[in-house]
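Below are the chains, spelled out letter by letter.
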Amino acid sequence: MLVNKKTLFQAFAILASALSAKAQEASAPDDSAVVKLTSETFEDFIKENPVVLAEFFAPWCGHCKTLAPHYVEAAAALESEDIALAQIDCTVEQDLCMKQGIRGYPSLKLFKNHDLENPKDYAGGRTANAIITYMKKQILPTVQVVDSQKDLEAILTKATQPVIFSNGDAALNETFFSIADKFSEEYTFVSFPGSKVKLAVQLPSEAEAIEYNGDITEVEKNPEILESWLKVEALPYFGEITGESFGSYVESDVPLAYFFYTDDDEFEEYTEFFTDLAKEHRGKINFVGLDSRKFGKHAENLNMDEQFPLFAIHNMSSNLKYGLPQLAKEEFEKLTEAVKLETKDISKLVNEFLSGKSEAIIKSEEVPEVQESNVIKIVGKSHDGIAYDEEKDVLVKYYAPWCGHCKRLAPIYEELADILASDEDSKDKFVIAEVDSTLNDIQDVEIEGFPTIVLYPAGKNTEPVVFSSQRELTNFITFLEENAGNKVDFQIIHDSYKSALEAQKVADDLDEVEEDEDFEHDEL
Ligand SMILES: *[C@@H]1O[C@H](CO)[C@@H](O)[C@H](O)[C@H]1NC(C)=O
Ligand SMILES: *[C@@H]1O[C@H](CO)[C@@H](O)[C@H](O)[C@H]1NC(C)=O
């Protein structure tokens, strides 16, 4: 999102600089309201001013020159609002600019509440008006304080995003304000000191607010409780999932149940049922509708066929998937109209899932009958049996066929496997293996990116070690030396592998020479 905006601004700035007839100075005139900062004055200035927009620039930079008159005009307009606009010349203040991680000019950063460590990238436009509008928003309170029920209700009825309100309880107040700072873009925060309700969230689509019914003093001790509560309660009971809302469902750390619907009428028809179900199981499972016409492919990620409507549950913590039974492919193709999902079947699956009685759908390729290389191919069904072998050190690469890093790693990984297989002793002690993670579900392995490479050490396979160095042969060997349960002399194995390879090469070359000689003979 931000990247797109930035590109837009850059395009706009180039356009603007092409249009501007005469070149300006990038540096604001000394008599303007723009404050020039240096390494010596920077920190104190941030500490003294609650809202500072800092422009890191270079005098030769064209976009900086274009920005200059707008920046000067905005600085003059904002001076009386206690909003400061500053400039730092990076050709002079190199240390400061390096410390701020400046990589391009101009870089605009917003420092709020005297916080030197967490500036935000400026995300407004580059005209005087755009800067003024954006900066004025920064000083609006993140918490609106009201003093009557009527004012509170006025905010609630107008709200288009979840409203979090509290009664300003002393135990809660500090946490409430700091959470408001953090989530001011997503939610509206209101404090009503006279309210009987200590803490609640009101969803825009709902009549009743949801009260926090935990212990407020616990929140004071551990502010994260409030954050987790909010991440669950501020989600709609039964919302539509899209690219934008997906993140907040993942953040909530709660299993996600999907209803893939085929058209809007069907969505309407099930809305009440799912809303009730969601209220009943709030905090334990979230329910969403997904438009199968747009996102039907997502069914694959849930190990389901693209037969709609469908209902499936994804426990994202364990990466296990559950779903209502589907038809065999041929049977589905013979259908003349869509099968209706029975609400009682959905409720039953949800209850079984929550009580741990339902069976997950595990995706797996067939176990290969023969292994074609020294890199052992593991599939969903064979993973645990191979990886958790007490006797052996098992290195597993979890990859995806489309991943570029995986492709680059392949020959190195292959060589590692060849080296270890070349020695009678290490051959029995080490397994170098791989799993295509797009075709096989593996439990209890956290895959954060592809490839993820994990060692299950002999004798300690319940304590897997993740390989995290540069993916080079020597690093893999060092990693095994340090972490493997079996001890072998990698140096000797590697050396004899190399000399065998060398000998092989000489032999091959000789073969070739002979062949060439034969060839020449024929010619004669
Ligand atoms: C709550 O905290 C905010 C910010 O720290 C402060 O401005 C406000 O006066 C406090 N309110 C109460 C009721 O203590
Ligand atoms: C979801 O997975 C987590 C992690 O494995 C597990 O602790 C939790 O019990 C699972 N939830 C359900 C409802 O099965």
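Residues numbered from 1 in each chain as written. Chains lettered and ligands numbered in written order. Predicted model: local features only at pLDDT ≥ 70, side-chain atom pairs only at ≥ 80, totals over all residues. Heavy atoms only, no water.

1. Digging into helix α15 (residues 343–354)
Phase 1 of the analysis: Between its first and last C-alpha atoms α15 spans 17 Å; for 12 residues at 1.5 Å apiece the expected length is 16 Å, and the two agree.
Phase 2 of the analysis: What α15 keeps buried is the set Ile-346, Leu-349, Val-350 and Phe-353. Viewed along the axis of α15, the buried residues span an arc of 100°, placing them on a single side of the element. Facing away from the buried surface of α15 by more than 90 degrees, the exposed residues are Lys-344 and Lys-348.
Phase 3 of the analysis: One or two steps after α15, the chain reaches Gly-356, where phi turns positive at roughly 75°. (Helix = DSSP H or I, 4+ residues; strand = E, 2+ residues; numbered from the N terminus. Expected span 1.5 Å × (residues − 1). Buried < 20%, exposed > 50% of the residue type's maximum accessible area, 1.4 Å probe, protein only. Arc of directions from axis to C-beta.)

2. A closer look at the site of ligand 1
Phase 1 of the analysis: Residues in close proximity to ligand 1 include Gly-168, Asn-173 and Phe-177, which together make up its full environment.
Phase 2 of the analysis: Between an oxygen atom of ligand 1 and a side-chain N or O atom of Asn-173, the distance comes to 2.3 Å. (Near = heavy atom within 4 Å. Polar contact = N/O pair within 3.5 Å; in protein donor to acceptor, adjacent residues only side chain to side chain.)

3. So, the state of the cysteines
Phase 1 of the analysis: Tallied over the entire structure, the rule returns 3 disulfides.
Phase 2 of the analysis: Here Cys-90 connects covalently by a disulfide to Cys-97, the sulfurs 2.1 Å from one another. Handedness here is read from the sign of the S-S torsion; for Cys-90 and Cys-97, about -85°, the answer is left-handed. This pair shows no difference in class: Cys-90 is buried, exactly as Cys-97 is.
Phase 3 of the analysis: One disulfide bridge connects Cys-403 with Cys-406, the sulfur atoms lying 2.1 Å from each other. Taking the sign of the S-S torsion, about 95° here, the bridge from Cys-403 to Cys-406 comes out right-handed. For the pair Cys-403 and Cys-406, a shared accessibility class is recorded, and that class is buried.
Phase 4 of the analysis: When the cysteines of the chain that form disulfides are numbered from the N-terminus onward, they connect as 1-2, 3-4, 5-6. (Disulfide = S-S within 2.5 Å.)

4. What to know about the sheet that holds strand β8 (residues 188–191)
Phase 1 of the analysis: Read from one edge of the open sheet, 5 strands run β6-β8-β7-β9-β10, paired in mixed fashion. If you trace the sheet from one side to the other, it starts and ends with β6 (143–145) and β10 (210–211), each paired once.
Phase 2 of the analysis: The sheet contact formed by strand β7 (residues 163–166) and β8 spans 4 bridges and is parallel. Residue pairing for β8: Ile-164 is matched across the bridge by Phe-189.
Phase 3 of the analysis: The strands that helix α9 (residues 224–233) touches are β7, β8, β9 (199–202) and β10; relative to β9, the one it contacts most, it runs at about 25°. (Pairing = 2+ DSSP bridges. Contact = heavy atoms within 4.5 Å. Axes fitted to C-alpha atoms, helices over the stretch in contact; angles between N-to-C directions.)

5. As for the site of ligand 2
Phase 1 of the analysis: In the vicinity of ligand 2, the contacting residues are Asn-315, Ser-317, Ser-318 and Phe-353.
Phase 2 of the analysis: Between ligand 2 and the protein, one listed contact pairs an oxygen atom with a side-chain N or O atom of Asn-315 at 2.4 Å.
Phase 3 of the analysis: Between ligand 2 and the protein, one listed contact pairs an oxygen atom with a side-chain N or O atom of Ser-318 at 3.5 Å.
Phase 4 of the analysis: Considered on its own, ligand 2 offers 360 Å² of accessible surface; in the complex 48% of this is hidden by protein. (Areas by Shrake-Rupley, 256 points an atom, 1.4 Å probe, with all protein chains shown as cover.)

6. Points about the nonpolar core
Phase 1 of the analysis: With 44 residues, the main nonpolar core has Phe-189, Leu-199, Phe-274, Phe-287, Phe-311, Ile-313 and Ile-346 as its most contacted residues.
Phase 2 of the analysis: When residues in this core are grouped by element, the largest group, 6 residues, is from helix α11 (residues 264–280).
Phase 3 of the analysis: Three or more residues apiece are contributed to this core by two domains, here domain 2 (143–233) and domain 3 (242–354).
Phase 4 of the analysis: Residues contacting Ile-313, with those up to four places away along its chain left out, are Pro-255, Leu-256, Ala-257, Ile-285, Leu-320, Lys-321, Tyr-322, Leu-349, Val-350 and Phe-353.
Phase 5 of the analysis: Counting residues in each nonpolar core, the second largest holds 23 residues, with Leu-395, Phe-467, Leu-473 and Phe-476 among its members. (Core = buried A, V, L, I, M, F, W, Y, C linked by side-chain atoms within 4.5 Å. Domains from an automatic or database assignment.)

7. Some remarks on the sheet that holds strand β5 (residues 120–121)
Phase 1 of the analysis: Reading across the sheet, the 5 strands line up as β1-β3-β2-β4-β5 and stay open at both edges, with mixed pairing between neighbours. Where the open sheet ends on each side, the last strands, each with one partner, are β1 (35–36) and β5.
Phase 2 of the analysis: Relative to β5, strand β4 (residues 107–112) runs antiparallel, the two being bridged by 2 bridges. Its bridge partner being in β5, Leu-110 is matched across the sheet by Lys-120.
Phase 3 of the analysis: Contacting β2 (51–57), β3 (83–89) and β4, helix α3 (residues 62–78) crosses the sheet at an angle of about 150° to β3.

8. Overview of the confidence of the model for the chain
Phase 1 of the analysis: Scored by pLDDT, the chain comes out at a mean of 87, with 93% of its residues at no less than 70.
Phase 2 of the analysis: Confidence scores differ between elements of the chain, with helix α1 (residues 2–19) showing the lowest mean pLDDT of 34 and α15 the highest of 98.
Phase 3 of the analysis: Of the regions scoring below 50 in pLDDT, residues 1–22 engages in 14 contacts with residues more than four places distant in sequence or in other chains.
Phase 4 of the analysis: Confidence over residues 518–524 falls short of pLDDT 50; this stretch has 0 contacts with residues more than four positions distant or in other chains. (pLDDT = per-residue confidence, 0-100.)

9. With respect to the pairing of strand β13 (residues 286–291)
Phase 1 of the analysis: Across the 6 residues of β13, 6 count as buried, placing the element largely inside the fold.
Phase 2 of the analysis: The alternating pattern of β13 places Asn-286, Val-288 and Leu-290 and Phe-287, Gly-289 and Asp-291 on opposite faces, both of which are buried.
Phase 3 of the analysis: Here strand β11 (residues 238–240) pairs with β13 via 3 bridges, running parallel. Along β13, the bridge assignment pairs Phe-238 with Phe-287.
Phase 4 of the analysis: Of the pairings in the sheet, the one linking strand β12 (residues 256–261) to β13 comprises 6 bridges and is parallel in character. Following the sheet pairing, Tyr-258 is matched in β13 by Val-288.
Phase 5 of the analysis: Chirality of the crossover, the property in question, places the unit of β12, α11 and β13 among those that are right-handed. (Right-handed = clockwise from strand over helix to strand, strands pointing away.)

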